[in-house]
Amino acid sequence: MKLASKREKMLKKQTPKGDGIKKKKVAAIATDENAGRKLMKKKKKEQTLVTTKIAKSGRVKTKKEATSKKQGIDKKDLENLKDIDPEFYDFLKKNDKKLLDFNLMDSDEDDDDDETDGGEKDVDSDAEVSENESEGEKDDEKFHRPSQDLAVASDESDFEEDADQDDDNATGPQKITLNLLHQWSQQLAQPNVSIDIVRKVIQAFNSALASISSDGADDQNATAYKVSGAAAFNGVIQLCVLHLQPAILRVLGVKPQSSLPLHKHKKWVKVRGCLRYYLTDLIRLVEQISSSNILNVLLKHLHQMAGMVAPFSSLGKTILKRLIVLWATGDETVRVLAFLCILKITRKQQATMLNHVLKAMYLAYVRNSKFVSPNTLPGINFMRRSLVEMFALDLNVTYQHAFLYIRQLAIHLRNAVILKKKDSFQAVYNWQFINSLRIWADLLGATTNKPQLQPLVYPLVTITMGVIRLIPTAQYFPLRFHCLAALINLTKETQTYIPVLPLIVEVLRSNTFNRKHTSVSMKPLQFTCLLRLNKSQLAENGFRDEVIEQVCALLLEYLAHESVSLAFSDLVVPAIMAIKAYLKECRNANYARKLKQLVDKIQETGRFIEQQRSKSGLNLDLKDAKAISAWEQQLRVKRTPLDIYYASWLKTHETKKRRQAAQTDEINADYDLPLMKRPLAKTGVPVRNEQGEVELFPSDSEEELDIPYNAEEDDETEGVEEPKPKKSKTKKPKKSKASVSEITPVVDDGDDYDASGAAVDIVKDLDLNDW
């Protein structure tokens, strides 16, 4: 008070009375700052003396009173917590009662005490010691200390037990262990499966996929679990593949023989969301996998889940798009499994998906049939025959596609005929064009008993014959024979007469063919994978040998089919005359012998038909088509001489072709030769571990196959598979029951079952050549 009064008096004395004397006022205040500082120091000294006297006299009531006021305020806040958040207050009351009774310390008061203690240097030390002791005794009540029963974080491996771990209280992603996967598998196998377990397994699958992807998972479920290590990853995939689909069916309550679609069950709404995420992750995993063994397992699983794809139209298109790629470019078993998945998914939603699937599959077929070789030919044949099955699902939809694509073929042919340029010719004379003609011929032949596609037979035949006559030179004889084979097949299937004989016989009148060869070929020339011949091939004798073989084969196949016709004896007259004219000029005894034998069989069959026609009591009206077809059917049952000869020739011809192309194990099996040793994972036989369980992801390494390798035995098998023709005496390997069992794996014809007794979906020895 004295300091304030003195300062007021000084300011009153020095205040100016006029209006314009502000500079004097500022100067007066600046000169008195030093005096003010001195007065402040004196005031502090007086306050410190007062506090020391109070401390010596033992009067500490001021501090207690201050703390009591603060405690009263904090207790009121804690009591108000009952009304604000009663649940949190009950939680504190149950778990830690000390937290509601601790004494809060006033930070402002501590700061003030620290300043006063630092300012006074003459304070008695006894008072400070007494205060520190009193504060030290109450530390336990003032500070909150955690309980000693808390668990310490573990740093063990995946094989540590973590059954007591709570998922809801975990702050970070839960680590997937083998014990946890075992618990989930047991819960999924129960009759009353909880939807929460299914969701957890799907989240774990998403996290497993995120662990191997470069950019991580897009969904938030990827942070729910942590999958580290190959054991945990394989365990999650195996759990989903084996147990997820039956568990979902049990959740929905699907009966074994129920025909009701899955999305029409009452509980479908609960499974719809998580199932969509799972199917998305599954097809993404299929895209990233390159191993055929793992792809086979995943495609079998997807085939089981095909009924659940129907409600998801956009997701179904994505899945079908990827499956079509595998169907067109995968291995043999992968192609077959992908086609089965496509067929099952498409039939579930045929009204919406069939149009899209047919277009995508046809374009994939044309795109992947650009090059034909002995290696790619089985895959192209499989694609053609499987695509015919897809087109046969709905002929009304198929007609739109067939009409459009056959019209495109006609446009290419018209441009080639009109323009007569190299590019226009190349647009017709290529494998894609020929394979397109083949697939439409097969489709029209397969659907001959239904009238939807029969109007397309005539335009297809016209296009094929136009392709043959576009460049009728010897250089394109292979292409001619491919087109003639398609026409003959169409004739046999549709029972339609197509004038093929003139196109076959005119090959014998070719100048290039009748010219003497200038070079000798060591290997026989085959037209199976050829469309065009070069000049060196035209000069070889192998070219003429193959042309005679093709002419005889096509004539025999076509005339054997027409041998039951009422007009056979009249039909073959031009062909017999052309062949006899060639025989007069032919100087090759081998060619003459084959053609003469063919002419004899044709004439014999012609006489047989005339005898059947000239029988007494046979009066046929040419206008009565039903009576003529009935007579031809009776004659087909009796079998004509040409038909019998063709059956025997076909068997010998196929054996010869297979012997020439002896490059596969199936051909060697016909001659009782031992098979090559192949890993069991490559076949359809399931690989089982020591416990007898089916191993989903077997290793491809030869060290784990437990098949002993014998160098001498390998040399013997090589000698048997490729015998040298000059050496007549060769040592044959001794065949024993034990050696055969080692080389050839035994495949049980019955169903395969796993350890739990459930049937295992295994594809056994599917081969593209069997289609």
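The preceding data block contains the structure.
First things first, this report covers the structure right here in the doc. It should be emphasised that the depicted structure is a prediction, and the values quoted were computed from it without experimental measurement.

1. Quick notes on unusual backbone geometry
And step 1. The phi dihedral of Gln495 falls on the positive side, at around 55 degrees, and the residue is not glycine.
And step 2. By the secondary structure assignment, Gln495 is in the loop between α22 (477-494) and α23 (501-505).
And step 3. Judged by relative accessible area, which is 54%, Gln495 ranks as exposed.
And step 4. Notably, Arg639 is not glycine yet its phi reads approximately 75 degrees, a positive angle.
And step 5. Its location among the elements puts Arg639 in the loop between α30 (625-638) and α31 (641-660).
And step 6. For Arg639, a relative accessible area of 37% gives the class partly exposed.

2. A few points about helix α28 (residues 573-585)
And step 1. Given a rise of 1.5 Å per residue, 13 residues ought to cover 18 Å, and the 19 Å separating the end C-alpha atoms of α28 matches this to within 8%.
And step 2. Taken as a whole, α28 has its buried residues at Ala575, Ile576, Ala578, Ile579 and Tyr582. Buried residues along α28 cover an arc of 165 degrees about the axis, so they all sit on one side. In α28, the exposed positions angled more than 90 degrees off the buried face are occupied by Pro574, Met577, Lys584 and Glu585.
And step 3. Considering only its buried residues, α28 is in contact with α23, α24 (511-514), α26 (541-562) and α29 (589-613).

3. Concerning the environment of Leu393
And step 1. Relative to the assigned elements, Leu393 resides in the loop between α17 (377-391) and α18 (395-419).
And step 2. Setting aside residues no more than four positions away along its own chain, Leu393 makes contact with Leu343, Arg347, Gln350 and Leu354.

4. Re the side chain of Thr464
And step 1. As for its position among the elements, Thr464 is in helix α21 (residues 457-470).
And step 2. A relative accessible area of 4% places Thr464 in the buried class.
And step 3. Those residues in contact with Thr464 that lie beyond four places of it in its chain are Leu437, Cys483 and Leu487.

5. Focus on the packing of aromatic side chains
And step 1. By the definition in use, this model includes 15 aromatic pairs.
And step 2. Ring geometry for Tyr429 against Tyr476: centres 4.7 Å apart, planes inclined by 65 degrees, an arrangement best described as edge-to-face. Highlighted residues: Tyr429 in the loop between α19 (422-426) and α20 (431-446) and Tyr476 in the loop between α21 and α22, separated in sequence by 47 residues. In terms of burial, Tyr429 and Tyr476 fall into one category: buried.
And step 3. With centroids separated by 6.2 Å and ring planes inclined at 45 degrees, the aromatic side chains of Phe477 and Phe481 adopt a geometry described as tilted. Highlighted residues: Phe477 and Phe481, both in helix α22, separated by 4 residues, approximately one helical turn.

6. A few points about the packing of helix α16 (residues 350-367) against α17
And step 1. At their nearest, the axes of α16 and α17 sit 11 Å apart, and the two run at 160 degrees to each other. It follows from the interaxial angle that α16 and α17 lie roughly antiparallel. Between α16 and α17 the crossing geometry is left-handed. Contacts between α16 and α17 involve Leu354, Val357, Leu358, Met361, Tyr362 and Tyr365 from the first element and Ile380, Met383, Arg384, Leu387, Met390 and Phe391 from the second.
And step 2. Across the contact of α16 with α17, the residue classes break down as 11 nonpolar, no polar and 1 charged.

7. What to know about the environment of Tyr362
And step 1. You can see Tyr362 is positioned in helix α16.
And step 2. Along the chain, Tyr362 and Ile439 lie 77 residues apart, while their C-alpha atoms are 9.6 Å from each other.
And step 3. The residues contacting Tyr362, other than those within four sequence positions of it, are Leu387, Phe391, Tyr405, Ser436, Ile439 and Trp440.
And step 4. At 3.4 Å, the side chain of Tyr362 and the side chain of Ser436 are in polar contact.

8. So, the packing of helix α10 (residues 195-212) against helix α12 (residues 268-288)
And step 1. At a minimum axis separation of 10 Å, α10 and α12 run at an interaxial angle of 25 degrees. Compared by their axis directions, α10 and α12 come out roughly parallel. In this structure, α10 meets α12 at a crossing whose hand is left-handed. Contacts from Ile195, Arg199, Ile202, Phe205, Asn206, Leu209 and Ile212 of α10 reach α12 at Lys270, Val271, Cys274, Leu275, Tyr278, Asp281, Leu282, Arg284, Leu285 and Gln288.
And step 2. Classifying every residue of the contact of α10 with α12 gives 11 nonpolar, 2 polar and 4 charged.

Definitions and limits used
- Residues numbered from 1 in each chain as written.
- Predicted model: local features only at pLDDT ≥ 70, side-chain atom pairs only at ≥ 80, totals over all residues.
- Heavy atoms only, no water.
- Helix = DSSP H or I, 4+ residues; strand = E, 2+ residues; numbered from the N terminus.
- Buried < 20%, exposed > 50% of the residue type's maximum accessible area, 1.4 Å probe, protein only.
- Expected span 1.5 Å × (residues − 1).
- Arc of directions from axis to C-beta.
- Contact = heavy atoms within 4.5 Å.
- Phe/Tyr/Trp six-rings, centres within 6.5 Å; stacked < 30°, edge-to-face > 60°.
- Axes fitted to C-alpha atoms, helices over the stretch in contact; angles between N-to-C directions.
- Parallel < 35°, antiparallel > 145°, perpendicular 65-115°, else oblique.
- Left-handed = near helix turned anticlockwise from the far one by under 90°.
- Nonpolar A, V, L, I, M, F, W, Y, C, P; charged D, E, K, R; others polar.
- Polar contact = N/O pair within 3.5 Å; in protein donor to acceptor, adjacent residues only side chain to side chain.

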